[in-house]
Amino acid sequence: MTRALPTRFRRLKTSPAIRALVQECVLTPSDLIWPVFVMEGDNQRAPVPSMPGVERLSVDLIVQAAREAEALGIPAICLFPYTDPTLKTQGCEEAWSPDNLSNRATRAIRDAGINVAIMTDVALDPYNINGHDGIVRDGIIVNDESVEALVKMALSQAQAGADILGPSDMMDGRIGAIRSELEAQGFKDTAILSYAAKYASAYYGPFRDAVGASGALTGDKKTYQMNPANADEALRIVARDLDEGADMVMVKPGQPYLDICRAVKDQFGAPTFAYQVSGEYAMIMAAGQQGWVDDEACMVESLIGFKRAGCEGVLTYFAPRVAALLNG
Ligand code: PBG
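Since the structure is predicted, the reported quantities are computational estimates derived from the model, not experimental observations. Just so you know, the residues in each chain are numbered from 1, in the order the chain's sequence is written. A pLDDT threshold of at least 70 governs which residues receive local features in this predicted model, and a stricter bar of 80 or more applies before side-chain atom pairs are shown or counted, although totals over entire chains, interfaces and linings include all residues. Calculated side-chain values reflect all of the structure's heavy atoms, with hydrogen atoms and water omitted.

A. The overall build of the protein, seen in detail. A run of H or I in DSSP counts as a helix once it spans at least four residues, and a run of E counts as a strand once it spans at least two, with each numbered from the N terminus. Along the backbone of the protein there are 11 helices and 12 strands. With C-alpha atoms as the basis for the radius of gyration, the globule rule is written as 2.2 Å multiplied by the number of residues raised to the power 0.38. Here the C-alpha radius of gyration of the protein, 20 Å, is about what a compact globule of 328 residues would show, namely 20 Å. Projecting the C-alpha coordinates of the protein onto the three principal axes gives extents of approximately 80 × 45 × 40 Å. We call a residue buried when its accessible area falls under 20% of the maximum for its residue type, exposed when it is over 50%, and partly exposed in between, using a 1.4 Å probe and counting protein chains only. For the protein, buried positions account for 54% of its 328 residues. Within the protein, contacts between residues at least 6 apart in sequence are counted, and of these 75% link residues at least 24 apart. Surface accessibility in these figures is a Shrake-Rupley result with a 1.4 Å probe; residues are shielded only by whichever protein chains are displayed. By element, 52% of the accessible surface of the protein is carried by carbon and sulfur atoms, the whole surface being about 14,800 Å². Neither His nor the chain ends contribute to the count of charged residues, in which Lys and Arg are positive and Asp and Glu negative. Here the site of a charge means NZ on Lys, CZ on Arg, CG on Asp, or CD on Glu. In the protein, the 30 positive side-chain charges and the 42 negative ones have mean positions that sit 9 Å from each other. Throughout, a contact is declared for two residues whenever any of their heavy atoms are within 4.5 Å.

This is the structure:
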């Protein structure tokens, strides 16, 4: 009897060259979508204290950021407005004003002729006096009336020149309603990236500071965002959203839900994105600032995890930093 020769996995780890040769996944700047926060004013920037390294930027500086993204090879940026509290109402009318902050930023980037895709957020929370993603009537987030508002909002974003609409509101039926309105109004090439598997998460805290929604939010979002304990439900929502006309789907947050990314990719084969959310970013940055982890190494490792889990790309606040690193 001959004894089996030992399987030596170390053979393919002996040098950087051999390790590179057998590497399964790669992270490139073209995998990134860069979320940015827009504020009023001219030449204004304001740091977000709970997100070290992240600033809100006025529209003129957002245009510069878009130029930076283009130069770094980042294909898309995603706009989130910091809305003046006086513009927040029960009916959220500012959400579909053609001249709201998000639409002005979209037009400014378009007019500058920058070759970067513009993604916008379809949800009412920046404009809602209650901080909720849908319209609130007698303490209830009302689904169908919210969908009507979201359709108006989505149309105004498409009219401003957005390439990718990102409904992040988790109301039922909004993808189909938005898709039919886009078709009816002649926006046949406006893409929808549905926040399909969006969980009711504690990791959104710093984002709500960044957009000024923390103070406004009454209660929680558990009647529309998903229970973190559910996986099968995520697959059913993804199936529904693709069926209603989503071109791409998202899992959010990212790192605690890598199993969902993999399952969505395997089951549907649709373009799948993860959102490495504000809390994930903040934790890596905070531990790095304490000297407890190497934040740059954790940044790269966390992002390659999304590629390994099957994602085409990832929304991350690290986008410009990691792109600069990858570009050498
Ligand atoms: C709201 C929205 C949220 C995020 C993106 N869009 C927060 C929420 O649902 O309360 C979170 C992003 C992040 O934490 O980075 N429509």
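B. Quick look at helix α5 (residues 174-184). Those residues of α5 that sit buried are Arg174, Ile175, Ile178, Arg179 and Leu182. An end-on view of α5 places all buried positions within 125 degrees of arc, on one side of the element. Those residues of α5 that are buried lie in contact with β5 (117-122), α4 (143-160), β8 (164-167), β9 (191-198) and α7 (232-244). In the segment just after α5, Gly186 is the residue with positive phi, at about 90 degrees. The directions from the helix axis to the C-beta atoms are what the arc is built from.

C. Focus on the nonpolar core. Core analysis: the largest hydrophobic core is formed by 101 residues, its most contacted members being Phe37, Ile77, Leu79, Ile109, Met119 and Tyr275. Apart from the residues within four sequence positions on either side, Ile77 is in contact with Ile33, Trp34, Val36, Ala66, Ala69, Ile109, Val116, Ala117, Ile118 and Met119. To qualify as a nonpolar core, a set must consist of buried Ala, Val, Leu, Ile, Met, Phe, Trp, Tyr and Cys residues joined through side-chain atoms within 4.5 Å.

D. Layout of the pairing of β8. Side-chain alternation along β8 places Ile164 and Gly166 on one buried face and Leu165 and Pro167 on a second face that is also buried. For two strands to count as paired, DSSP must find a minimum of two bridges between them. Inspection of the sheet shows β5 paired to β8 by 4 bridges, in the parallel sense. Along β8, the bridge assignment pairs Met119 with Ile164. For β8 and β9, the ladder comprises 2 bridges, and the chain directions are parallel. Bridge pairing links Ile164 to Ala191 in β9. Whether a crossover is right-handed depends on one test, that the path from the first strand over the helix to the second runs clockwise when the strands point away from the viewer. The handedness of the β8 to β9 crossover, carried by α5, is right-handed.

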